[in-house]
Amino acid sequence: MINWFEMLMATAATALTASLIPAVLILVIGIVVIKLVNKIVKTALNKTKLEKAAHSLILSVCNVALYIILGLIVATKLGIDVTSIVALASVLTLALSLALQNMVSNVIGGFTILSTTPFHSGDYVEIAGQAGTVTEINMSYTKLTTPDNKLISIPNSAVVAAQIVNYSAESLRRVDVNVSASYDCAMQDVIGALCAAGVVDKALSDPAPFAGVTAYGDSAINYTLRVWCNSADYWDVFFAVNQNVKKIFDERGIAMTYPHLNVHLDK
């Protein structure tokens with residue numbers, strides 16, 4: 001009886017070893033191959049025109065698919081019925097998709113962003129009231145870095161549903177500066193001073209700076225100065241023009257006004 005039991009255990013151990021060792025080898029080789037494939041995919045993505053912010057999303061999906069395939073191959077080598085596993089996985093996937101609707105929506109949103117490309121990596125955008133530079137698109141979030149170096153992560157589903165303002169889509173941007181001046185100042189003098197204030201470093205001469213009257217207020221006339229520049233130079237030009245307006249106004253004796261009330265007393 002003991003000999004029979006020992007023979008049975010030895011046979012089981014031999015069978016297990018015969019299937020386990022190849023399965024472990026396949027697992028190790030598979031992991032190495034997946035890492036190699038990742039490097040190849042990264043190199044290929046770097047050579048394409050696809051947005052760098054989307055690389056992490058593609059690599060994540062690729063990794064998930066490769067590890068699922070490797071798991072099925074190892075299970076088959078161990079003698080496990082893969083058909084039942086696939087059927088069970090299908091049921092579990094359906095259950096998880098219902099339970100994790102937001103996550104699934106974010107993944108689908110990520111692919112929607114990639115296919116429609118409303119923005120590119122490095123673009124300065126405003127999404128759902130949040131503004132910043134696009135740095136990454138992963139399986140769940142689109143990440144923005146704000147000018148004051150804060151990282152904002154917006155769910156991809158929210159990005160797809162939100163209004164997107166892309167400030168970097170066009171090569172040129174217009175800087176608008178609103179200024180008020182006294183009714184006592186001649187309009188042409190104010191307009192000439194504003195056009196002169198619009199001549200700053202990085203501002204374009206074509207189209208030339210333009211200024212005009214926008215409204216007649218209770219205490220002052222409102223003007224708008226419009227200056228064109230390259231999109232990357234927007235903030236440099238914006239601050240330079242604002243500073244230059246005050247300088248030119250002071251040099252030409254043009255008074256900026258503020259809300260006030262004149263009271264006349266009759267004796």
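Here we summarise the structure given alongside this text. Please read all numbers here as calculations on a predicted model, not as lab measurements. (Residues numbered from 1 in each chain as written. Predicted model: local features only at pLDDT ≥ 70, side-chain atom pairs only at ≥ 80, totals over all residues. Heavy atoms only, no water.)

Before going further, it helps to examine a nonpolar patch on the surface. On the surface, a cluster of nonpolar side chains totalling about 480 Å² of accessible area is made up of Leu20, Val24, Val28, Val32, Leu78 and Ile80. Examined against the element boundaries, Val32 turns out to sit in helix α1 (residues 2-47). (Patch = residues over 30% accessible without salt bridge, like charges linked within 9 Å, V, L, I, M, F, W, Y side chains within 5 Å. Areas by Shrake-Rupley, 256 points an atom, 1.4 Å probe, with all protein chains shown as cover. Salt bridge = Lys/Arg side-chain N within 4 Å of Asp/Glu carboxyl O. Helix = DSSP H or I, 4+ residues; strand = E, 2+ residues; numbered from the N terminus.)

Time to look at the sheet that holds strand β3 (residues 141-145). Pairing within the open sheet is antiparallel, and its 5 strands lie in the order β4-β3-β2-β1-β5. Edge positions in the open sheet fall to β4 (151-155) and β5 (164-166), since each of these has one partner strand only. Neighbour-to-neighbour, the strand axes of the sheet open up by a mean angle of 40°, direction not taken into account. Bridging between strand β2 (residues 130-137) and β3 involves 4 bridges; their strand directions are antiparallel. In the sheet register, Ile137 faces β3, and the bridge partner there is Thr142. (Pairing = 2+ DSSP bridges. Axes fitted to C-alpha atoms, helices over the stretch in contact; angles between N-to-C directions.)

Next up on the list: the sheet that holds strand β6 (residues 172-181). With antiparallel pairing, the 3 strands of this open sheet are ordered in space as β6-β8-β7. At either end of the open sheet lies a strand with only one pairing partner, and these are β6 and β7 (210-216). Adjacent strand axes in the sheet meet at a mean angle of 25°, parallel and antiparallel pairs treated alike. Sheet topology places β6 next to strand β8 (residues 221-230); 10 bridges connect them, and they run antiparallel.

All of the buried residues along helix α6 (residues 187-197) are Val190, Ile191, Ala193, Leu194 and Ala197. Within α6, the buried residues cover an arc of 160° as seen down the axis, which keeps them to one side. In this fold, the buried residues of α6 make contact with β6, β7, β8 and α7 (234-252). (Buried < 20%, exposed > 50% of the residue type's maximum accessible area, 1.4 Å probe, protein only. Arc of directions from axis to C-beta. Contact = heavy atoms within 4.5 Å.)

Before going further, it helps to spend a moment on unusual backbone geometry. One can expect most non-glycine residues to show negative phi and most peptide bonds to be in trans. Put simply, Asp206 and Pro207 share a cis peptide bond, and its omega is 5°. Unusually for a residue other than glycine, Thr117 sits at a positive phi of about 45°. Relative to the helices and strands, Thr117 is located in the loop between α4 (101-116) and β1 (124-127). Relative accessible area serves as the criterion here: at 38%, Thr117 is assigned to the partly exposed category. Of note, the phi angle at Ala128 is positive, near 55°, even though the residue is not glycine. Looking at where Ala128 falls in the secondary structure, it is placed in the loop between β1 and β2.

Let's shift gears to the side chain of Asn38. With respect to the element layout, Asn38 can be found in helix α1. What makes Asn38 buried here is its relative accessible area of 14%.

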